[in-house]
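Overview (structure and organization)
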Amino acid sequence: MASYLQEVLSMIMMTPNASSTAEPHINPVASPSTTSPSQTTISNIIAFLFSLSALRDWVKLIVLGGFFETCRRIVLGMYSKLISSFWMNAYFEDQDPCYNWLMVWLSKQPSWKKSRDVQISTQTYGAKSSSITLDGEDNYSSQFKSYRKLSYLPSLSVTYSLWYKGCYMNIIRTQQETRWYGDKENTLQISLLTRDRDILVHLLQEARQEYMAAQEHHMCIFVNDSMGNCWSHVASRAKRSMTSIILDPGVKELLLKDARDFLESKAWYSERGIPYRRGYLLWGAPGSGKSSLIHALAGELGLDVYVLSLGKAGLDDSSLNGLINQLPERCIALMEDVDAVFTHGLSRDSDAVGALANLPNPSRSPTASTPAPSNNRVTLSGLLNALDGVSAQEGRILFATTNKYSSLDSALRRPGRMDVHIEFKLASKYQARELFLRFFNPRNTPKIVEDNETDSGDSIGSADSGYTSTHDTQLTVHSSFRENKFPIEKLKLLADDFAEAIPEYGFSMAALQGYLMMYKTQPLEAVEQIGAWLQKEKEEHATKNQEAQTKKVGSLEEEKETLEQEVTKRVEKAVRERLEREKLEKELMEKKVESWLIERPL
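In this report, the structure presented in the accompanying data block is examined. (Residues numbered from 1 in each chain as written. Predicted model: local features only at pLDDT ≥ 70, side-chain atom pairs only at ≥ 80, totals over all residues. Heavy atoms only, no water.)

Some details on a negative patch on the surface
Together, Glu 557, Glu 558, Glu 559, Glu 561 and Glu 564 give the surface a local cluster of negative charge. In this fold, Glu 557 is placed in helix H16 (residues 530-599). (Patch = residues over 30% accessible without salt bridge, like charges linked within 9 Å, V, L, I, M, F, W, Y side chains within 5 Å. Areas by Shrake-Rupley, 256 points an atom, 1.4 Å probe, with all protein chains shown as cover. Salt bridge = Lys/Arg side-chain N within 4 Å of Asp/Glu carboxyl O. Lys, Arg positive; Asp, Glu negative; His and termini not counted. Charge placed at Lys NZ, Arg CZ, Asp CG, Glu CD. Helix = DSSP H or I, 4+ residues; strand = E, 2+ residues; numbered from the N terminus.)

Printed below as a string of structure tokens:
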């Protein structure tokens, strides 16, 4: 090879000399366009290379190979586009509600029972549904163990195939870790072999209907996560009937009517240019039914509840605004104890928690408390802008609860942010009577209810017995009683006696319910023991007030002693300063006299 290259180079170098000997009569100076030796050399090299047959074959191979490769790629690309045109791919992330729709829908598909590679899960995805029933589950109530239903779900990174309305479908569920605290994101991919986009629409509609049917008697609860920038589903709760909420006549009816009217008035708000938002402020004594009313109202209207915890760590004005904007159009946003957020743990008066407000000589002095430090980074200005700013979400119903109405800023209470204000007082006699009837006859039908009368000589325990309070501080379990039947007329008489014994606006509904829980099936004994319970509560309340008063007097004495010490220190300091000032003035006067005597001529 080396000898061949040397021969080629020698032939190239000899080419100019041969041309000069063949034409000796040409004058190189006569023609200005005479070719230079370097250009002649390059052209000769190119001509020589093309004269080689091997090089020509190489060029042909490259051209033909490139042509066929280009054709192959074009054909494959067109084939891929042709095949993909018959497939429709849809991706669903686990943070989106439609992901829950499809997971519930897939768990109900009969084909999953025949699959050999599935994932068993107890997650409900916001809906109380299940496709698996284990042996003995119908009798789980007799076992004191946790009970959870199971569902078939797609395994990770496994391709499943099934048919939907004559359409071939592939399902793949993938999982990948995020960069935030090792959290994992799930993605569901559904591929449909169809050119009709309506198939996907029908699938989503069917999945949503299945999901809504599964949670027909339940409502979803969402809370803002620890990072403060998104909503997380935490639980599904059974809907609560509005009849279970006992308030003074007309209160819950007014609230329900106003909320329904708002949900049906979107066009009315739009025509008048009014922001489509509604806010309700429920304030009053703790345990009076504010949260219970919101729960029942959400179930009656078919809305999910989004609980916004303003005091959660990591939440600031920016993330709060993002959370409000992420709310769906039809939902209930709930901010509980909004007064405690901007007052650093504001204490509640002791007379508000089931206290005897109207009993004779009650002490109403609140317990002394020191404001606790708060890590809250949400400002009042940021909250106001999130509620009704330019970027505020519309269509949601906002509920805010507080125990200190006066502690809220007037800007937060004004119409446009809190349109309806409802006060919740302690239980009235009407509420006490209705609570008694509801407790021992929940359906309010004239059927016979059972009650148990005590038998002094019976000491056999019963699983259905309630609990009662004695003169001691401990609760004792009642023994079983003989069954007696009370008609609804007698039960109403007992309810009247119970309501008559309860002082007007003296106890919270939670306190009365806690008392009745000790007599779950014993309405007669509940009425008989109400006097002793009132006396006991009165004594406990007086003891608490006395302790609070003692603490208050002790704190006042400490403050007085501290003030006296400060006054004494200030007086001593003033006296010292005055003596020093007089001493300086005296020394200055003596110096002036001495200088005057020295300067005076003899």
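Some details on H16
Given a rise of 1.5 Å per residue, 70 residues ought to cover 104 Å, and the 102 Å separating the end C-alpha atoms of H16 matches this to within 8%. The set of residues buried in H16 consists of Ile 530, Trp 533, Leu 534, Lys 536, His 541, Asn 545 and Ala 548. (Expected span 1.5 Å × (residues − 1). Buried < 20%, exposed > 50% of the residue type's maximum accessible area, 1.4 Å probe, protein only.)

With respect to the sheet that holds strand E9 (residues 278-284)
One open sheet holds the seven strands; their spatial order is E8-E7-E10-E11-E12-E9-E13, and the pairing between them is mixed. Either end of the sheet is taken by a strand with one partner, and the two such strands are strand E8 (231-238) and strand E13 (420-424). Along the sheet, successive strands turn relative to each other by an average axial angle of 25°, direction set aside. Pairing of strand E11 (residues 332-335) with strand E12 (residues 397-402), which is carried by four bridges, proceeds in the parallel orientation. Its bridge partner lying in E12, Met 335 is registered against Ala 400. (Pairing = 2+ DSSP bridges. Axes fitted to C-alpha atoms, helices over the stretch in contact; angles between N-to-C directions.)

So, the layout of surface pockets
Approximately 450 Å³ is the volume found for the second largest pocket. Around the second largest pocket, the lining is made up of 23 residues, and of these Arg 240, Gly 287, Gly 289, Ser 292 and Gln 513 lie nearest the centre. Those elements that place two or more of their residues in the lining of the second largest pocket are helix H8 (290-301), helix H12 (429-440) and helix H14 (509-516). (1 Å grid on protein atoms, 1.4 Å probe; cavity = no way out; pocket = protein on both sides within 12 Å on 5 of 7 lines; lining within 4 Å. Points joined across faces, edges and corners; volume = space filled by probe spheres on them.)

Structural notes on a nonpolar patch on the surface
Taken together, the side chains of Leu 563, Val 567, Val 571, Val 575 and Leu 579 define a hydrophobic patch exposed on the protein surface, amounting to about 450 Å² of accessible area. One can find Leu 579 in helix H16. The exposure class assigned to Leu 579 is exposed, which follows from its relative accessible area of 53%.

Things to note about the environment of Ala 214
Among the structural elements, Ala 214 can be located in helix H5 (residues 198-214). Accessibility expressed as a relative area gives 12% for Ala 214, which makes it buried. Sequence separation of Ala 214 and Val 104 is 110 residues, and the distance between their C-alpha atoms is 8.4 Å.

Side note on helix H4 (residues 97-107)
Where burial is concerned, most of H4 is hidden: nine out of the eleven residues are buried. Cys 98, Tyr 99, Asn 100, Leu 102, Met 103, Val 104, Trp 105, Leu 106 and Ser 107 are the residues of H4 that are buried.

A few points about the packing of H12 against helix H13 (residues 488-501)
Between H12 and H13, the shortest axis-to-axis distance is 8 Å and the interhelical angle comes to 140°. The angle between the axes of H12 and H13 places the two elements in the oblique class. Considering how the two elements wind past one another, H12 and H13 form a crossing that is right-handed. Along the contact surface, H12 presents Lys 429, Ala 432, Arg 433, Phe 436, Leu 437 and Phe 440, while H13 presents Leu 491, Lys 492, Leu 494, Ala 495, Asp 496, Phe 498, Ala 499 and Glu 500. (Parallel < 35°, antiparallel > 145°, perpendicular 65-115°, else oblique. Left-handed = near helix turned anticlockwise from the far one by under 90°. Contact = heavy atoms within 4.5 Å.)

On their own, these measurements won't tell you what the molecule is for.
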